[in-house]
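Working through the structure, step by step
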Amino acid sequence: MTIFLLLIIYIIFISLGLPDSIIGSVWPSMANSFGVSADYQGIVTITISICTIISSFFTVKLLNWFKPQYVVISSILLTCIGIVCMSYSIEFYLLILSCIPFGLGAGAIDCTLNNYVAINYKAIHMNFLHAFWGVGTIISPLILGAFLSNNSEGWRIGVLVLAAIQTVIFVFCVSTIWVWKKASSEFDKREKIEEKNEVIKLGFFKTFKIRGVLFAIIAFFSYIAVESLTGMWISSFATYGVSDVVEFSATTVAQFTSLFYLGITVGRFLGGLLSLKINDVIRLRIGEGIILLGVIFLSTTTFIKSGDYISIFIPVSAFLIGLGCGPVYPAIIHATPKRFTKSLSQNVMSVQIGCAYIANISVAPLFGLIGENVSFLLLPLIIFIFLFLLIGGNEIVLFKVKDKTKLIDLSKK
């Protein structure tokens, strides 16, 4: 029964990915529909991210009141409502209102399932589950792009189709809710015969005193910045940044976003397989190296004024950056107990993820202002800066946590 439940969770991770690439894929068309400038995407992103952060912080309380399956199913319903409202929005403020259930649902699903899988399943599933999230992010731009080819308002129909898919997944989850109960009883039996680890509980601010935590936060924040910048702005880079050399259709720029998320998905599947032979540190470095290669390729499109070159290298760059991003997130999550010990990992994990979410409401929206007022051609440079911080943060953490006995002074806890 635990295997059947795992299959259900894989399907739910697809539903988690479906909404995540909507805005980045169709924003140029959306902006035209609502009569707003390109940098308004930052307002949409901030609204979704704030709601995601709120629901993430409240998920612990929700799980005290309700079982995980009810939190997850209710959250899927919220995302369905948000997507439908987004499709029917006729004014920009209505689009913003639709982002509220959209973001609230996404945050609760993410926190609940990541925690549930981390506790009850092997680490390899963390890579594969996030790869299935990537499947959702790939499907979304492809569906949206198909409708954009016929009509500038076609994005509305595409979004409605995504809502229908999300609804089918919601109905499926409701019909299989009994599986959670049976699987939970099996997990309870297993827990009784396993040795429990002592968990050290620290306050929010005292967690920052753990040796290396600050650099772990910088690295995780920077990774989210790299991912969100590319996912949200690669289509605008192609639409506005290189428009003086080559003009891409709305369908084509949506496919660039799809290639980025395809790269993430492939990277996470490969990361899961490599995790059987290669440790977290090596997988992180491989991912960072591939991102660097993708950023170099993307940067060349800003000064090589050849339409054919740009048409080839923007999609190649999008895929490579995504491929490099693929193993990074699961590897950082999986490495946390090893870096900071299992006793302290719960404290570090919550602060790490919470601070990383701030990247979504700061870095990506800020770049919208930079792109609108300066140039979208600065995207490769900004991505490179955060990649440098990602690499530096991860390497410094490794040095800081070598001696586990010095991670924190428990006498001052």
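Residues numbered from 1 in each chain as written. Predicted model: local features only at pLDDT ≥ 70, side-chain atom pairs only at ≥ 80, totals over all residues. Heavy atoms only, no water.

Focus on the overall build of the chain
In terms of regular secondary structure, the chain is built from 14 helices and zero strands. Helices (α) and strands (β) of the chain occur, in sequence order from the N terminus, as α-α-α-α-α-α-α-α-α-α-α-α-α-α. Relative to its 413 residues, the chain shows a buried fraction of 54%. Put simply, of all contacts in the chain between residues at least 6 apart along the chain, 84% involve residues at least 24 apart. Here the chain displays about 17800 Å² of accessible surface, and carbon together with sulfur accounts for 68% of that area. (Helix = DSSP H or I, 4+ residues; strand = E, 2+ residues; numbered from the N terminus. Buried < 20%, exposed > 50% of the residue type's maximum accessible area, 1.4 Å probe, protein only. Contact = heavy atoms within 4.5 Å. Areas by Shrake-Rupley, 256 points an atom, 1.4 Å probe, with all protein chains shown as cover.)

Focus on the environment of Phe248
With respect to the helices, strands and loops of the structure, Phe248 is situated in the loop between α10 (213–241) and α11 (250–274). Classification of Phe248 by relative accessible area gives buried; the value is 17%. C-alpha separation for the pair Phe248 and Ser311, spaced 63 residues apart in sequence, amounts to 8.5 Å. If we skip the residues at most four places from it in the chain, Phe248 touches Ala238, Val242, Val253, Phe256, Ile310, Ser311 and Ile314.

Overview of the side chain of Thr301
Position of Thr301 among the secondary structure elements: in the loop between α12 (280–300) and α13 (307–373). Overall, Thr301 belongs to the buried group, its relative accessible area being 1%. If near-sequence neighbours (up to four positions away) are discounted, Thr301 is found in contact with Phe237, Val242, Tyr309, Ile310, Phe313 and Ile314.

Focus on the nonpolar core
Ile9, Ile22, Met30 and Ile314 are the most contacted members of the largest nonpolar core, which totals 101 residues. Here the element with the most residues in this core is α13; it accounts for 15 residues. Ignoring any residue separated from it by four or fewer positions in sequence, one finds Ile9 in contact with Leu113, Tyr116, Val117, Tyr121, Leu129 and Trp180. (Core = buried A, V, L, I, M, F, W, Y, C linked by side-chain atoms within 4.5 Å.)

Things to note about the packing of helix α4 (residues 68–88) against helix α7 (residues 154–175)
Closest axis-to-axis distance for the α4/α7 pair is 8 Å, and the angle between their directions is 165°. Taken as axis vectors, α4 and α7 run roughly antiparallel relative to one another. Crossing handedness for the pair α4 and α7: left-handed. Of the residues in α7, those touching α4 at Ile73, Ile76, Leu77, Thr79, Cys80, Ile83, Val84, Met86, Ser87 and Tyr88 are Trp155, Arg156, Val159, Leu160, Ala163, Gln166, Thr167, Phe170, Cys173 and Val174. (Axes fitted to C-alpha atoms, helices over the stretch in contact; angles between N-to-C directions. Parallel < 35°, antiparallel > 145°, perpendicular 65-115°, else oblique. Left-handed = near helix turned anticlockwise from the far one by under 90°.)

What about the packing of aromatic side chains?
Summed over all chains, the structure comprises 17 aromatic pairs. With centroids separated by 6.4 Å and ring planes inclined at 70°, the aromatic side chains of Phe34 and Phe92 adopt a geometry described as edge-to-face. Taken together, the residues span a long stretch of sequence, with Phe34 in helix α2 (residues 22–34) and Phe92 in helix α5 (residues 92–120) at a distance of 58 residues. Of the two residues, Phe34 and Phe92, both sit in the buried class. Plain terms: the ring middles of Phe260 and Tyr261 are 5.0 Å apart, the flat faces sit at 65° to each other, and that makes the pair edge-to-face. Three or more aromatic residues link up through ring pairs in this structure, and these residues are Tyr10, Phe128, Phe132 and Phe269. (Phe/Tyr/Trp six-rings, centres within 6.5 Å; stacked < 30°, edge-to-face > 60°.)

Let's talk about the pattern of salt bridges
Here the structure, examined in full by the defined rule, presents three salt bridges. Between Glu227 and Arg268 there is a salt bridge, and its shortest N-O distance comes to 3.8 Å. Taken as a pair, Glu227 in helix α10 and Arg268 in helix α11 lie far apart in primary sequence, 41 residues in all. Overall, Glu227 belongs to the buried group, its relative accessible area being 14%. On the basis of relative accessible area, Arg268 is assigned to the buried category, the value being 2%. Taking the shortest distance from any N to any O, the salt bridge between Asp280 and Arg283 comes out at 2.7 Å. With Asp280 and Arg283 both in helix α12 and three residues apart, the pair spans about one turn of that helix. (Salt bridge = Lys/Arg side-chain N within 4 Å of Asp/Glu carboxyl O.)

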